[in-house]
Amino acid sequence: MSAESGRRSGGQGRISQWLRGRRPRTDAEDSATREDLLLAAAGAGLPLAPAAHPSAYRCSCDRVGCPTPARHPVSFAWQTQSTTDRAQIERWARHQPSANFITATGMVHDVLDVPLDAGREALERLLAAGIEVGPVAQSGNDRMLFFTATRGTPEDEDEWWPCELDCHPETMDEHPGLRWHCRGSYVLVPPAQLPGELTVEWVRGPEFALPDPLSLLEVLTDECARYAGVERDHVAAWPLRG
């Protein structure tokens, strides 16, 4: 690994380091950190909107059998509601202290969402190769999110890549490999809480510039294919039970 890439991998940035504090935090510190992290994300251009949160191992929404507990926006108008306005985000964060937040993709940024093991290997390869990597988050214990610049803008409608080409927020279990979140999709933005005491946290914070997704795509798809092959081999090795 080069000195430059070593510096990148070692320098996670002040925002990421906040998540690794060793002493217990007070309630006031937790609240301040949450708000600061949300404002940092918005300051980097990620449009935010309030989302559901865990409630007694379930979702805070009223939907029976919610398919994405604590992972979805609270309003059906989340696409128009999403904003980077500091004052609005401060109001939401203070009036809804338990809420998670989503960031709407396809306006400023996309997200390449991959299995955690594949993402870790890809991140190591990308940094070792000196490829610019933007913000990266770990979601729960199974996914890694690579934040990139979007491939389309409202002024360039032909370049929009509908999210349905890959996944939809409420059918993500059907897409265990790479999911490309673009127009019409969203992901949780750190810090977020999930059922089972899982979290969404920054690995590399929003202080890193958003790269072109195509610069990451080859390595990510390669590692996802490798991951899928390992998973198939693992399942094939399971003993048959009578």
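Just above sits the structure.
Residues numbered from 1 in each chain as written. Predicted model: local features only at pLDDT ≥ 70, side-chain atom pairs only at ≥ 80, totals over all residues. Heavy atoms only, no water.

Bringing the packing of aromatic side chains into the picture now. Per the stated rule, a full pass over the model turns up three aromatic pairs. On the numbers, 6.3 Å between centres and 45 degrees between planes, the contact of Trp92 with Phe101 is tilted. Summarising the burial analysis for this pair, Trp92 and Phe101 share the class buried. Measuring from ring centre to ring centre gives 5.1 Å for Phe147 and Trp202, while their planes differ by 55 degrees; the resulting arrangement is tilted. Taken together, the residues span a long stretch of sequence, with Phe147 in strand E7 (residues 143-149) and Trp202 in strand E11 (residues 198-204) at a distance of 55 residues. (Phe/Tyr/Trp six-rings, centres within 6.5 Å; stacked < 30°, edge-to-face > 60°. Buried < 20%, exposed > 50% of the residue type's maximum accessible area, 1.4 Å probe, protein only. Helix = DSSP H or I, 4+ residues; strand = E, 2+ residues; numbered from the N terminus.)

One pass over the structure, following the stated rule, counts nine salt bridges. Between Glu90 and Arg86 there is a salt bridge whose closest N-O contact spans 3.3 Å. Here Glu90 and its partner Arg86 are both found in helix H5 (residues 86-95), four residues apart, which amounts to about one turn of the helix. Residue class for Glu90 comes out buried when judged on its relative accessible area of 18%. On the accessibility criterion, Arg86 (52% relative accessible area) is exposed. Put simply, Arg125, Asp222, Glu223 and Arg226 are held in one network by salt bridges that share partners. (Salt bridge = Lys/Arg side-chain N within 4 Å of Asp/Glu carboxyl O.)

Residue Pro191 follows Pro190 across a cis peptide bond; omega there is -5 degrees. Relative to the assigned elements, Pro191 resides in the loop between strand E9 (186-189) and strand E10 (192-194). Of note in the backbone geometry, Ala70 takes a positive phi value of approximately 65 degrees without being a glycine. Topologically, Ala70 is positioned in the loop between strand E3 (58-59) and helix H4 (78-81). Positive phi values are uncommon outside glycine, yet Glu197 reaches one of about 60 degrees. For Glu197, the location among the structural elements is in the loop between E10 and E11.

Moving on: the pairing of strand E6 (residues 136-139). By the bridge criterion, four bridges tie E6 to E7 in an arrangement that is antiparallel. When the sheet's bridge partners are listed, Val136 is paired in E7 with Phe146. Of the pairings in the sheet, the one linking E6 to E11 comprises four bridges and is antiparallel in character. Across the sheet, Gln138 pairs through a bridge with Glu201, a residue of E11. (Pairing = 2+ DSSP bridges.)

So, about the sheet that holds strand E1 (residues 48-51). Ordered in space as E1-E4-E9, the three strands form an open sheet in which the pairing is antiparallel. Strands with a single pairing partner mark the edges of an open sheet, and in this sheet they are E1 and E9. Averaged over neighbouring strand pairs, the angle between their axes works out to 40 degrees when direction is ignored. As defined by bridge partners, strand E4 (residues 100-104) adjoins E9 across four bridges and the pair is classed as antiparallel. (Axes fitted to C-alpha atoms, helices over the stretch in contact; angles between N-to-C directions.)

All right, on to helix H6 (residues 116-128) then. A rise of 1.5 Å per residue sets the reference length of H6, with its 13 residues, at 18 Å; its end C-alpha atoms lie 18 Å apart and thus fit the reference within 8%. Positive phi shows up at Gly130, right after H6, with a value of about 75 degrees. (Expected span 1.5 Å × (residues − 1).)

The next subject is the nonpolar core. Core analysis: the largest hydrophobic core is formed by 20 residues, its most contacted members being Val133, Phe146 and Leu220. Sorting the residues of this core by element identifies strand E5 (109-115), H6, E7 and helix H7 (214-236) as the ones contributing at least two each. Of the residues forming this core, the biggest block, six residues, is contributed by H6. Contact partners of Leu220, with chain neighbours within four places excluded, come to Leu112, Val114, Ala122, Phe146 and Leu178. Counting residues in each nonpolar core, the second largest holds 18 residues, with Leu48, Val111, Ala137 and Leu145 among its members. (Core = buried A, V, L, I, M, F, W, Y, C linked by side-chain atoms within 4.5 Å. Contact = heavy atoms within 4.5 Å.)

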